[in-house]
Amino acid sequence: MKFTLSWLKAPLDTDADVDTIAEKLTSIGLEVESVEDAGARLKDFTVAEIITAEKHPNADKLRLCMVNAGDGAPLQIVCGAPNARAGIKVVLAKPGTVIPVTGEALKIGTIRGVESRGMMCSARELLLGDDHEGIIELPADAKVGDKAAVALGLTDPVIDISLTPNRGDCTAVYGIARDLAASGLGRLRQGDLSPVPGKFASPIKTHVETEHAPVFAGRLIRGVKNGPSPMWLRDWLKAVGLRPISALVDVTNFISLDRGRPLHVYDAAKVRGDLRARLAKDGETLRALDGKTYTLDPTVVVIADDAGAQGIGGVMGGEDTSCTDATTDVFVESALFDPISVARTGRKLGIVSDARYRFERGVDPEFVLPGVELATKMILNFCGGEPSELVVAGAPPAWKRTIDFDPQHVLRLGGIDVPKDEQIAILKRLGFTVEDAGAMLKVSPPSWRSDIAISADLVEEVVRIYGLNKVASAPMERMHAVAKPVLTPAQRRVRTVRRELASRGFNETITFSFISREQAKLFGGGDDARQVDNPIAADLDALRPSVLPSLLTAAQRNAARGFNDLMLFEIGAQFLSGMPEAQTTVAAGLRLGEGAKDWMKSGHLPDVFDAKADMLAVLETAMGAKMTAPIKAGAPAWYHPGRSGTLALGPKVLAAFGELHPKILAAFDLKGPIAAFEVFMDAIPEPKAAKSKARPTFAPSSFQAVERDFAFVVETTVTADEVLRAAKAVDRNLIETTAVFDVYEGKGVPAGKKSLAISVRIQPRDKTLTDQEIDALAAKIVAAVAKATGAVLRT
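This structure is a prediction, so every number in the text was calculated from the model and none was measured.

1. Some remarks on the overall build of the chain
Moving on, step 1. A tally of helices and strands in the chain yields 20 helices and 42 strands.
Moving on, step 2. Reported as C-alpha extents along the three principal axes, the dimensions of the chain are approximately 120 × 85 × 60 Å.
Moving on, step 3. In the chain, buried positions account for 46% of the 795 residues.
Moving on, step 4. Within the chain, contacts between residues separated by at least 24 positions form 69% of all contacts whose residues are at least 6 apart in sequence.
Moving on, step 5. Element-wise, carbon and sulfur atoms account for 53% of the exposed surface of the chain, whose accessible area totals about 40,600 Å².
Moving on, step 6. Of the side chains in the chain, 96 bear a positive and 101 a negative charge, and the two mean positions are spaced by 4 Å.

2. Thoughts on the pattern of salt bridges
Moving on, step 1. One pass over the full model with this rule turns up 44 salt bridges.
Moving on, step 2. A salt bridge links Arg498 to Glu508, with the nearest nitrogen and oxygen atoms 3.0 Å apart. Here the residue Arg498 occupies a position in helix 14 (residues 489-503), and Glu508 occupies one in strand 30 (residues 507-508), the gap between them amounting to ten residues.
Moving on, step 3. Residue classification places Arg498 among the partly exposed residues on the basis of a relative accessible area of 29%.

3. So, the pairing of strand 24 (residues 330-336)
Moving on, step 1. Most of strand 24 is tucked away: seven of the seven residues are buried.
Moving on, step 2. Along strand 24, one buried face is formed by Val330, Val332, Ser334 and Leu336 and the opposite face, lined by Phe331, Glu333 and Ala335, is buried too.
Moving on, step 3. Looking at chain direction, strand 16 (residues 215-222) and strand 24 are connected through seven bridges and run antiparallel. Opposite Phe216, over in strand 24, you have Ala335 as the bridge partner.
Moving on, step 4. Note: strand 17 (residues 264-267) against strand 24, four bridges, orientation antiparallel. Bridge pairing in strand 24 places Asp267 opposite Val330.

4. Notes on the sheet that holds strand 4 (residues 46-55)
Strand pairing in a sheet is mediated by backbone hydrogen bonds. Such pairs are either parallel or antiparallel.
Moving on, step 1. Taken in spatial order, the five strands of this open sheet run 6-5-4-7-12, and their pairing is antiparallel. Two strands in the sheet have a free side with no partner beyond their single neighbour: strand 6 (75-79) and strand 12 (119-120).
Moving on, step 2. Pairing analysis gives five bridges linking strand 5 (residues 63-68) to strand 6, with the strands arranged antiparallel. Bridge assignment links Leu64 to a residue of strand 6, and that residue is Val78.

5. With respect to the nonpolar core
Moving on, step 1. By size, the foremost hydrophobic cluster in this structure holds 68 residues, and its most contacted members are Phe3, Leu8, Ile21, Leu25, Ile161, Ile176 and Leu180.
Moving on, step 2. If you tally residues by element for this core, the top one is helix 5 (residues 173-182), at seven residues.
Moving on, step 3. If you look at the next biggest cluster of nonpolar residues, it comprises 38 residues, including Ala213, Ala335, Phe337 and Val368.

Parameters at a glance
- Residues numbered from 1 in each chain as written.
- Predicted model: local features only at pLDDT ≥ 70, side-chain atom pairs only at ≥ 80, totals over all residues.
- Heavy atoms only, no water.
- Helix = DSSP H or I, 4+ residues; strand = E, 2+ residues; numbered from the N terminus.
- Buried < 20%, exposed > 50% of the residue type's maximum accessible area, 1.4 Å probe, protein only.
- Contact = heavy atoms within 4.5 Å.
- Areas by Shrake-Rupley, 256 points an atom, 1.4 Å probe, with all protein chains shown as cover.
- Lys, Arg positive; Asp, Glu negative; His and termini not counted.
- Charge placed at Lys NZ, Arg CZ, Asp CG, Glu CD.
- Salt bridge = Lys/Arg side-chain N within 4 Å of Asp/Glu carboxyl O.
- Pairing = 2+ DSSP bridges.
- Core = buried A, V, L, I, M, F, W, Y, C linked by side-chain atoms within 4.5 Å.

Next comes the structure, spelled out in structure tokens:
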């Protein structure tokens, strides 16, 4: 909610400055988000006068100006504005002044061989508008050397406060002034809301045909002359971000902001018959003031004449009956709409308007008629004309209620001791009716406070007006037990994995959990159990069975824009069905391209080993231990069958990795290869509690290690992991490591077989091994591998 200081002081009689008002607003619960003072932003800009403006000696479209800054010798300034001429007053920026539009300090420059020692500014350069066709021309009576902000009339700070949804009364400047006056900062001016006598019967009547619009009032004003509104009104509207349109429209915008009472004006000559508040007909259309055409249904309240819908009730008016400069007869509408109906309509149609903002938070039901009267006075004052009698249909809903209030609740709930008499005075200043019934108070909220329903609401009112800053700070009672961690083990695991992937050079993506059904089918989904009944978009109609299609879509968008070297990851949900228990958390990532070029190392296209390394890094980070589980084939169908694998602990698969299948790359219009991995976070076992946080003592063996190489001929279906595990299992105390160093298929190896060479490092701990002991161990290794895999030692 934005308003200027002068606007606030219209209903609030106070001498307080903007800083005092801002502090008081925050202390009574109306948090100030910002105070923007355009004058302060332009404090270094001054008024100057152009003495001469001659043609630039080296440029046809530039002028060489001598400018009187009021503080010494004239300044020589080169200017390209077409309106630069002798005798006009301008806004001057001297060297060193920061130009708002660029944020940079102005420097002395040379333009086409001529030195320029300043700058004469346009509106856009000062962030005062979009006009940059010429420099600002100040009034002739502006004094040379004075602050430009004063000459521009920018001495009115704009205050922006943050409102909670229940404070509909403070969507009005008058409501904010009421709260400040109740807190003791000034006196509230009531304003003139007396009825305006009607001169004739209105030819347009109002009717209510739906419970969602309980009251509908209005009046015709004939013989008006529409045109610009007064300067003060235009300045106020522009200061809060509204564009002045005409006097008739500006009056309705002003009353909406000033009194929280949305109104609408119709060109009476364009209205056919009477106006009715009714539900829309199915398929009925309306071209609104935003230039868009909306298709309506029977849940939408409209204001309609005999020709059809002319406005969306509580949201936005229609273009067909809007007022223009040619309007001479105007009908002023003031109606009350149900907040829930307005909110539902606004969301359904996607319309955000000032009227919707106020109606869905609650508008004063008793201000329907005063709103018309106030608008009538302003229109007659600005545009002239003759008013009709008021026409009213329906009646405001019942709103009066009484709350039993115990003054002791303020101390119990608010933690502050406020005398009973002061509580009564505060509530009365806020407009409440209070009856002292001894120990209890009978409190009736005013019509504009629909948010007050229970005793605790009254406690809040008393405490905030008395002063939230007067509530004493009290330390929390400390418990002897250590507080429990805020994050669960699973959340901590996700956090550490995210940091690990980021440290490896991956960029995190956050995507929808929805994908297209066609994409889902490529990853084992696309069934009815994962289909979305009401998708937010046609291509987001299925729950994803894997996180990879979301990453591939992101990669495709980047590749289409020339970003072909990517490392992306996401930690998110994948779904077995639409049920809550069928959701699992997965850390997935992919590599595309050779990576950034570097003179110190050569790049390479991503392969299965890159994906394996990424997968192991994630698992080891999540488990907090070295991963020794076997890697096997059997990755899902979206991976390349010969360049992929899985890692499992028993029957539970922890991860899948590898290069993606060419048909997947073709479906996403990507050029491969792409290496990817999926780590199933929910399947990772909890790390065992360490007995000690201290690292074990490093105790290297003092005996010489021995390395032996073995080459086995095995079936091509035998994996290297099977051979390595068989060799390692012969004697885990002596055999320190086993590793593959060569795989060969071809000449000298029978068809259907391959040669697999492994290196075995033997590390004795208590003595040096003899040749006989080493040979015996080697023979056991050969026998164990032969038994486990059918291997034959290659000779």
